[in-house]
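# Structure at a glance
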Amino acid sequence: MGVFTRRAALAAGGAVGAAWMLNAADAAPARGRIRSPLLYYSPEAEPFRDRMPVPPLIDSTDVTLAARTTSHRFHADWDESPAFGYGDQTYLGPTLVSHRGQPWRLRTRNRLGEHPFAADVDHSLHGVSADFGTRPRTTTHLHGGVTPPRHDGHPLDFAAPGEDLAYRYPTRQEATHLWYHDHSLGTTRLNVYAGLAGMNLVRDRFDTGRADNPLGLPAGDFEIPLILQEKTFRDGGVQSMRSTPVVPEGSWEGGAVGDVGLVNGKVWPELPVARGLYRFRVINAASLSVWRLFFSDSMRFWVIGNDGGLLDAPVRTRSLTLGPAERVDLLVDFSALAPGETVELRNDLAPPLQAQAIGSVAMPLFCRFRATAGRGFRGPVPTRLRGGAGLPRRLPRVERPRRTRTLTIIQDVEARLPPALMSLNNLGFTTSDVEKPVEGSTEVWDLVNVTLDPHNIHLHLIHFRVLERQPLDLSRYLTAHPKPPNGTRWTPRAGRFTDGPAVPRAAWESGPKDTVRADGLSITRILVRWPTAEELGFQPDRPYLPQTPTARAELAAAMTGETTGETDGGHGDGAAHAMEPGGAATRGGKVRGYLWHCHMIDHEDHDMMLPLRVVRPR
């Protein structure tokens, strides 16, 4: 059930992979690495040569950002690399600050030139235009935002170079940590990897971001965004989308594991820190990898928030697991360090088995913190964050669900090689067989992962609560419910086919979430409450015309199956197929609804993404 590149390499690389895993478990992050012939490697780089940059803040109700083709130096000893950036940034974008109850507007202008990864565009994937390498499309999704459908950054509502998009966000949600990123159809992995991503911090009257905030949290210089990524670079420090020569250039790879870590756009940087408490707003902005984050001295730290806001109380831990698109709000105390003493942020979680088989090992290092002689924030870690005078309300109790909805996560390599076929519910993006939860209802979603690998599942519009994970007996499940060919819905209930007791969520993932790690061969259960239009302040199922002439023309063509390069739900069969009304589009050429998808964005592009509609009660 692995991705094509990994599966195809098993026969050739089994012996090499086994030897590599035995010899490279403790491989250094730079010099002296043992190399697998089935992988590409970044040039040698000395850690901690660069000071960690901090993205600039923009606090405004009217923001305009141009997405531009740039050059960016990822390491002091390397050359500049072609990249994308928002606004004045040569890579990534500024941190946007918004405020609860204060609507704001974001304009994004597509001023992109030739794509840094033009040679890596796979035109067999659904919705990828023939000229994408020279005229990249882009749309902007506010990930985690409770946003009207027209302003959600849907992949069918995009801008070509020279066109602009305008989004309005009501910002009725609590203080939290969102991010904005490209969401282009079939090419999200290329645009985000190139640099089209940035943070959005939502403030409210409790979490103001000021030094006198009622929660007593570090602020100003002591609150720092950490955008974590891993990459592979070519000679000279040029970004590379490719991790293995097994996959030809121009073909979708299915999940590249990087060999160097980045924070805020720099490879293995160092940050001077005062001796006190810091608040780090951390995001896994990688394409594929799940990490177990910890500090090199095993010091304890506190998790105070998840994707959608604060926990009821801080959770003390020495490590946590973070998958793509997940965010955590951390408090870290450096007061015990002597001036000049250092501590590193590290990872020791191995990549998926298919990547290990061709030689990949855990990318071990992100950055280093060096204590200065300066006195930092010396306030205490709060004992609680919700409930009580001057604090936001406690998180609501888990509601009784109206129904349980079964959804499946599939990697189908036997069907057609190359490439692999990724899907949700055994369906492709063009389907009209979509989930239609009812406004005001509460559901349990059983995310049944029949693959060996983890998949991080993201739901647009709402936040949910993680309940538990339970191992799946795949053999019994498939024997009782053989999977039909792709294109036929396949979502059999899995409750009778478990292979062990359910494991409750980790304490630090108990808050509101919009993205959840669904482990391989398991059932991940989440509780989802679908808000009403009255609660939202907008109609969640209202269709709308795409904003730009290019998007309107391409959607109209897609409704008849005439779009260049369009295939059957991203399945690479070379045939043209019309989008089905009732899913992501209407017969009138309008876009409708939201999305749910894997946020391993390589998987999202092919074709682990489905439409989602929130409908009125009948």
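Look up: the structure comes first, before these words.
Every value quoted in this text rests on a predicted model; they were computed, and no experiment measured them.

## Some details on the overall build of the chain
A count of helical and extended segments in the chain gives 7 helices and 32 strands. Since a compact globule built from 618 residues should have a radius of gyration of about 25 Å, the 23 Å found for the chain is in line with a globular shape. With the C-alpha coordinates aligned to their principal axes, the bounding extent of the chain is approximately 65 × 60 × 55 Å. Counting the 618 residues in the chain, one finds 62% classified as buried. Within the chain, contacts between residues at least 6 apart in sequence are counted, and of these 79% link residues at least 24 apart. The centroid of the 71 positive side-chain charges in the chain is displaced by 6 Å from the centroid of its 68 negative side-chain charges.

## Here we look at the pairing of strand 17 (residues 301-306)
Of all 6 residues that make up strand 17, 6 are buried, and the element is covered over most of its length. Direction of pairing for strand 17 relative to strand 18 (residues 309-317): antiparallel, over a ladder of 5 bridges. Looking at strand 18, one finds that asparagine 306 is bridged to glycine 309. Taken together, strand 17 and the strand that follows it, strand 18, pair antiparallel across an intervening segment of 2 residues. Taken together, the 3 bridges between strand 17 and strand 20 (residues 327-333) define a ladder with antiparallel strand orientation.

## Thoughts on the nonpolar core
The biggest cluster of nonpolar side chains holds 61 residues, and the ones touching the most others in it are Trp445, Leu447, Ile457, Leu459 and Trp596. Excluding residues within four positions of it along the chain, tryptophan 445 makes contact with Arg405, Leu407, Glu435, Leu459, Thr524, Arg525, Ile526, Val528, Trp530, Trp596 and Leu612. Grouped together as the second largest cluster of nonpolar side chains are 57 residues, Met52, Trp78, Ala274 and Phe334 included.

## Details of the pattern of salt bridges
This model, assessed by the stated rule, comprises 45 salt bridges. Ionic pairing is found between arginine 105 and aspartate 62, a salt bridge with its closest N-O pair at 3.1 Å. Of this pair, arginine 105 sits in strand 5 (residues 104-111) while aspartate 62 is found in strand 2 (residues 62-72), placing the two residues 43 residues apart along the sequence. For aspartate 62, a relative accessible area of 37% gives the class partly exposed. In this structure, lysine 483 and aspartate 412 form a salt bridge, with 3.0 Å as the shortest nitrogen-oxygen distance. Placement of lysine 483 in the loop between helix 4 (474-480) and strand 28 (503-504) and of aspartate 412 in strand 23 (residues 403-412) is noted, with a sequence separation of 71 residues between them. Within the structure, one salt-bridge network assembled from shared partners comprises Arg203, Asp207, Glu223, Arg279, Arg281 and Asp329.

## What about the sheet that holds strand 19 (residues 319-322)?
Each strand in a sheet pairs with its neighbour through backbone hydrogen bonds, running either in the same direction (parallel) or in the opposite one (antiparallel). Strand order in the open sheet formed by 5 strands is 14-22-21-16-19, with mixed pairing between adjacent strands. The sheet is open, and its two edges are formed by strand 14 (270-275) and strand 19, each paired on a single side. Within the sheet, the average angular offset between the axes of one strand and its neighbour, ignoring direction, is 25°.

## Here we look at the side chain of histidine 75
Within the secondary structure, histidine 75 is located in the loop between strand 2 and strand 3 (81-86). Within the structure, the side chain of histidine 75 is placed 2.8 Å from the backbone oxygen of glutamate 46, a separation counted as a polar contact. Residue contacts for histidine 75: discarding those within four places in its chain leaves Ala45, Glu46, Arg49, Asp50 and Val267.

## A closer look at the sheet that holds strand 30 (residues 522-529)
The strand order across the open sheet built from 6 strands is 24-23-25-30-27-28, with neighbouring strands paired in mixed fashion. Edge positions in the sheet fall to strand 24 (421-424) and strand 28, since each of these pairs with one other strand and no more. The pairing of strand 23 with strand 24 spans 4 bridges and is classified as antiparallel. Residue pairing for strand 24: glutamine 411 is matched across the bridge by methionine 422.

## What about the packing of aromatic side chains?
Enumeration over the complete set of coordinates arrives at 20 aromatic pairs. Ring geometry for phenylalanine 74 versus phenylalanine 233: centroids 5.1 Å apart, planes at 55°, classification tilted. In this pair, phenylalanine 74 sits in the loop between strand 2 and strand 3 while phenylalanine 233 sits in strand 10 (residues 223-234), placing the two residues 159 residues apart along the sequence. You'll find phenylalanine 74 and phenylalanine 233 in the same group, each marked buried. Members of the aromatic cluster, connected to one another through ring pairs, are Phe222, Tyr278, Phe280, Phe295, Phe301, Phe334 and Phe369. Just above the ring of tyrosine 193 sits the side chain of lysine 231; from NZ or CZ to the centre is 3.6 Å.

## Quick word on helix 6 (residues 549-558)
Along helix 6, the residues classified as buried are Thr550, Ala551, Leu555 and Ala558. On an axial view of helix 6, the arc spanned by its buried residues comes to 125°, and they lie on one face.

## Notes on the environment of glutamine 173
Structurally, the position occupied by glutamine 173 is in the loop between strand 7 (164-169) and strand 8 (176-182). Judged by relative accessible area, glutamine 173 falls into the buried class, the value being 13%. Put simply, glutamine 173 and histidine 99 are 74 residues apart on the chain and 9.1 Å apart in space, counted from C-alpha to C-alpha. Not counting chain neighbours up to four residues away, the residues in contact with glutamine 173 comprise Arg100, Gly144, Gly145, Val146, Leu178, Val202 and His463. A polar contact of 3.2 Å, which involves the side chain of glutamine 173, links it to the backbone oxygen of glycine 144. There is a polar contact of 2.9 Å between the side chain of glutamine 173 and the backbone nitrogen of valine 146.

## A word on the environment of alanine 66
Mapping alanine 66 onto the fold places it in strand 2. On the basis of relative accessible area, alanine 66 is assigned to the buried category, the value being 18%. Along the chain, alanine 66 and arginine 107 lie 41 residues apart, while their C-alpha atoms are 8.1 Å from each other. With residues up to four places along the chain from it excluded, the contact list for alanine 66 reads Gly85, Tyr86, Gly87, Arg109 and Arg111.

## Details of the environment of leucine 427
Looking at where leucine 427 falls in the secondary structure, it is placed in the loop between strand 24 and strand 25 (442-449). Residue class for leucine 427 comes out buried when judged on its relative accessible area of 2%. As for leucine 427 and arginine 489, which are separated by 62 residues in sequence, their C-alpha atoms are 6.1 Å apart. Ignoring anything within four residues of it in the chain, the contact list for leucine 427 reads Asp433, Asn486, Gly487, Thr488, Arg489, Asp607 and Leu610.

## Digging into the pairing of strand 7
On strand 7, burial follows the alternation: Leu165, Tyr167 and Tyr169 on one face are buried, whereas Asp164, Ala166 and Arg168 on the facing-out side are not. Of the strand pairs in this sheet, strand 5 and strand 7 are connected by 6 bridges, and their pairing is antiparallel. By the bridge assignment for strand 7, arginine 109 is matched with aspartate 164.

What counts as what
- Residues numbered from 1 in each chain as written.
- Predicted model: local features only at pLDDT ≥ 70, side-chain atom pairs only at ≥ 80, totals over all residues.
- Heavy atoms only, no water.
- Helix = DSSP H or I, 4+ residues; strand = E, 2+ residues; numbered from the N terminus.
- Rg over C-alpha atoms; globule rule 2.2 N^0.38 Å.
- Buried < 20%, exposed > 50% of the residue type's maximum accessible area, 1.4 Å probe, protein only.
- Contact = heavy atoms within 4.5 Å.
- Lys, Arg positive; Asp, Glu negative; His and termini not counted.
- Charge placed at Lys NZ, Arg CZ, Asp CG, Glu CD.
- Pairing = 2+ DSSP bridges.
- Core = buried A, V, L, I, M, F, W, Y, C linked by side-chain atoms within 4.5 Å.
- Salt bridge = Lys/Arg side-chain N within 4 Å of Asp/Glu carboxyl O.
- Axes fitted to C-alpha atoms, helices over the stretch in contact; angles between N-to-C directions.
- Polar contact = N/O pair within 3.5 Å; in protein donor to acceptor, adjacent residues only side chain to side chain.
- Phe/Tyr/Trp six-rings, centres within 6.5 Å; stacked < 30°, edge-to-face > 60°.
- Lys NZ or Arg CZ within 6 Å of the ring centre and 35° of its normal.
- Arc of directions from axis to C-beta.

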